[in-house]
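Architecture at a glance
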Amino acid sequence: VWQASHLGGHRFAATLVHLPSGLCLGRVTPEDAPAWVDALDPGTPRRTRMRWEQVRGRVAWSRPAQAAEVLWRAGAAGRGTLPLSAIGLQSSHAADDTHWTVTLTTPDGPTPVSVVRAPLGTTVQPSCQEAVFEAAVAFREGGAGSAAS
């Protein structure tokens, strides 16, 4: 465990960073931390689902690839209990500036995940340092032209 005073300057700043994987977690309370430390230990058997709503993504992966992993893990029973090392990034291809096909390496082999960036209809200040607001977006699973939840 390594304590740091600051991990970012925006609303999605991580409160826990797992090294060496680079997995960032947000809104981790002191009560949540021991469970995450245990869950991220490769020697610990997975018995419960990790709270993937706290995952901010892996620092070395693109935003669509980060979204694909979280969407895939949240999609079916048992996926959320897989260790970090069970999932890898094989490729990410943009169809346009809002649609991607991300191929993850999973225990079932190469697994394509369609990711759509959808506007939320509001604006946000991306960080404390930014004076300009930008459109808020969400990444969702879905095919080309869809914004399915």
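Here, every reference points to the structure presented above.
Everything in this summary refers to the structure shown in the same document. As the structure is a prediction and not an experimental result, all values here were calculated from the model.

**Some thoughts on the sheet that holds strand 3 (residues 55–58)**
- Here three strands make up an open sheet; going across it, the order is 1-2-3 and the pairing antiparallel. If you trace the sheet from one side to the other, it starts and ends with strand 1 (16–18) and strand 3, each paired once. In this sheet, neighbouring strand axes are inclined to one another by 15 degrees on average, regardless of whether the strands run parallel or antiparallel.
- Where strand 1 lies against strand 2 (residues 23–25), three bridges are found, and the strand directions are antiparallel. Its bridge partner being in strand 2, Leu16 is matched across the sheet by Leu25.

**Describing unusual backbone geometry**
- Note that the residue after Leu19, namely Pro20, is joined by a cis bond; omega there is 15 degrees.
- Along the polypeptide, Pro20 turns up in the loop between strand 1 and strand 2.
- Positive phi values are uncommon outside glycine, yet Arg27 reaches one of about 55 degrees.
- Look at Arg27 and you get exposed, because its relative accessible area is 67%.

About the criteria used
Residues numbered from 1 in each chain as written. Predicted model: local features only at pLDDT ≥ 70, side-chain atom pairs only at ≥ 80, totals over all residues. Heavy atoms only, no water. Pairing = 2+ DSSP bridges. Helix = DSSP H or I, 4+ residues; strand = E, 2+ residues; numbered from the N terminus. Axes fitted to C-alpha atoms, helices over the stretch in contact; angles between N-to-C directions. Buried < 20%, exposed > 50% of the residue type's maximum accessible area, 1.4 Å probe, protein only.

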